[in-house]
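This is what each chain is made of:
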Amino acid sequence: MPIKVLDKTVASQIAAGEVVERPASVVKELVENSLDAGASQISVEAQGGGVNLIRVTDNGSGIPAAEVEVAFSRFATSKVGSIADLESITTFGFRGEALPSIAAVAEVEIVTAADAGLAGASLSLNNGTVVNRGRQARSRGTTISVRNLFHTVPARLKFLKSTSTENSHIARVVSEYALSCPEVRFSLTLDGRDVLSTPGSGGLLDAIIEVYGLEVARNLLEVKAADDVWQDDDVFIPLVTGMIGSPALNRANRDYLSFFVNRRSINSRLLSWAVEEAYHGLLMQGRHPVAIINISVPPEEVDVNIHPTKAEVKFRQERAVFVAVQRAVRGTLVELAPAPRIDEPTTTYGAPPPPKQLWAIPGKDMAPMAESPVVEPVLLVSLPALRVLGQVDSTYIVTEGPDGLYLVDQHAAHERVLYEKFREQQSLQQIDIQGLLEPVSFEVSPQQDEVLRNSYQQLVESGFSLESFGDRTYLIRAIPALLDRKNWQAMVRELLDNAVEGKVTNWADGIAVTLACHSAVRAGKSLTQEEMRELIQQLEQTRMPRTCPHGRPTVIHLSSRQLEKEFHRT
Ligand code: ADP
Ligand code: MG
């Protein structure tokens, strides 16, 4: 085919494909325009997965009658005037592409009024061409209706998923904005069903209750912004706020992780990783946390103009953002697990500390909640002083605390103790070691040899004395003192196998976890009263006594209230 310039309609349909990938993209662009217009109420309505109809109504600034038609031409925007403006964008939109792109692939009708006193303007377009202009009364704000999306672009229509899938994408978009802008009242109706409606109170938690439900909201912890943030000469520290789930609240996928940069919802593998890292050792493998993270940075610190739908952004100082998010999340988790007071006498119990009231829910009737099962509000709290009563199955230690019974898994508990001890030695670079009676030659597989060569130094730093003896054989002369002498070979093999499978990203931590696992007292070993007391005391002094380093629980608590209920004494 000879080269020729594309026909205008075809060109604009192709260009539209960048911005309008599916019905949810239309919803996103229209909602962003409403937010940029300063709306405090935005209602979204969709039919047939958004293909038949998408209608967004707002009470924002509206568009002056004389400018309505211009708004539908390409690169028409009221938000950016020069290249310099692009350096510090504070609005969601800036390219002037959304309205013309949507109009290129659908039938669009807009009714808008910039001033309550004047009659509003209406305009209808079909595949980018104006078919009707008029005047229509309405209160200040804008309503845009998009019908028959992609009906002239069958190729795109073919790629859409089922109505319910498209609906769920739309719901996701509206939910994200409801979370990032809790001061705006959002409502969403899908095929006539009311799906979401937020109060617009300005409280993040109020929005979360509507989006995720009360049960999730009750198990969230507030991420506190540190006070000494923002700019410090050249190094800036981003402000991180939001809410994160207690480790007990976890999910099988990452759908419950939301990130907002200056209120813009973004996807970021880097930030997901930062959050997941902060939960390290608190969640079981394959489980993911719930988190709503708001990051505020000066606008010039972030480039939002790198992705067609602006779903990804680029930070000028990526590392600073990563660290700030990870610290904020980890800090919140750790703050709820303060080291217990060691001077607490073990036999007399004071009143337990009052539970943290993290979720006062204004305007909500609390009564029905009293009947729902007792959920410990924060599962990461320190342990109270516990009195050892005995052992069950040579596996669990039965103890009594200020509020009922605490069953401790002896292996998991000891793992937690050893893990923290070893981590501390690593961070102080003072590893206690034990020499082996005589050097042991240790043979490894070719794959293990590969990782061992690369991570030799990390093993040495963690207290292993080893030297290569050729032929995939190593001579080991000393091991960490905390590592069980009888199990050290199994430990090293497991570590190397994990590394071969790519599961070891942080060697120091990986060594500590495996060491703890192979050295902790086994299930099935009967312990003396003295040994149990010792273990419980050490557990109480760890920073995170309620989970083992793999994230499994170390303690099961049966409160006096639960016991009363079980025995029908209430
Ligand atoms: P952008 O948002 O990038 O500026 P759009 O094509 O989305 O480009 O919108 C073009 C212009 O139309 C905006 O700059 C704004 O002036 C106006 N506009 C669009 N939607 C609304 C709305 N809901 N309320 C007020 N003005 C609007
Ligand atoms: Mg826009």
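Located above this text is the structure these notes cover.
Only a predicted model underlies this, so the values are computations on that prediction, with no experimental measurement involved.

Draft legend 1. Looking closely at the pattern of salt bridges. The final tally for this structure, using the stated rule, is 16 salt bridges. For the salt bridge of E45 with R55, the shortest nitrogen-to-oxygen distance reads 3.3 Å. Of this pair, E45 sits in strand β1 (residues 41-47) while R55 sits in strand β2 (residues 53-58); the two residues are 10 residues apart in sequence, bridging distant segments of the chain. Looking at E45, the relative accessible area reads 26%, which means it is partly exposed.

Draft legend 2. Local environment of unusual backbone geometry. Phi angles above zero are rare outside glycine, and R263 is one such case at about 80°. Turning to its location among the elements, R263 is positioned in the loop between β14 (257-261) and β15 (264-266). Positioned with a positive phi, R472 is a non-glycine residue whose angle comes to about 55°. Here R472 shows up in the loop between β24 (465-468) and β25 (473-480).

Draft legend 3. Expanded view of the packing of helix α10 (residues 269-278) against helix α11 (residues 318-335). Relative to each other, α10 and α11 sit at 30°, their axes nearing to 8 Å. One element, α10, and the other, α11, form an angle in the roughly parallel class. The hand of the α10/α11 crossing is right-handed. Between α10 and α11, the contacting residues are L270, L271, W273, A274, V275, E277 and A278 on the first element and E318, V321, F322, V325, Q326, V329, R330 and L333 on the second. Grouping the amino acids of the contact of α10 with α11 by side-chain chemistry returns 11 nonpolar, one polar and three charged.

Draft legend 4. Up close: helix α8 (residues 204-212). Burial within α8 is extensive, with seven of its nine residues counted as buried. Taken as a whole, α8 has its buried residues at L204, L205, D206, A207, I208, I209 and V211.

Draft legend 5. Highlighting the site of ligand 1. If you check the shell around ligand 1, you find 21 residues, and the closest are N33, T77, S78, K79 and G96. N33 has a polar side-chain atom sitting 2.8 Å from an oxygen atom of ligand 1. T77 is positioned with one of its side-chain polar atoms (N or O) 2.5 Å from an oxygen atom of ligand 1. Protein contacts shield 93% of the accessible area of ligand 1, which totals 540 Å² for the unbound molecule. Going through the elements one at a time, α2 (23-36) and α5 (98-104) are the ones with two or more residues in the shell around ligand 1. Looking at the shell around ligand 1, the element that brings in the most residues is α5, giving three residues. Across the shell around ligand 1, the residue classes break down as eight nonpolar, nine polar and four charged.

Here is what the cut-offs are and how they apply
- Residues numbered from 1 in each chain as written.
- Chains lettered and ligands numbered in written order.
- Predicted model: local features only at pLDDT ≥ 70, side-chain atom pairs only at ≥ 80, totals over all residues.
- Heavy atoms only, no water.
- Salt bridge = Lys/Arg side-chain N within 4 Å of Asp/Glu carboxyl O.
- Helix = DSSP H or I, 4+ residues; strand = E, 2+ residues; numbered from the N terminus.
- Buried < 20%, exposed > 50% of the residue type's maximum accessible area, 1.4 Å probe, protein only.
- Axes fitted to C-alpha atoms, helices over the stretch in contact; angles between N-to-C directions.
- Parallel < 35°, antiparallel > 145°, perpendicular 65-115°, else oblique.
- Left-handed = near helix turned anticlockwise from the far one by under 90°.
- Contact = heavy atoms within 4.5 Å.
- Nonpolar A, V, L, I, M, F, W, Y, C, P; charged D, E, K, R; others polar.
- Near = heavy atom within 4 Å.
- Polar contact = N/O pair within 3.5 Å; in protein donor to acceptor, adjacent residues only side chain to side chain.
- Areas by Shrake-Rupley, 256 points an atom, 1.4 Å probe, with all protein chains shown as cover.

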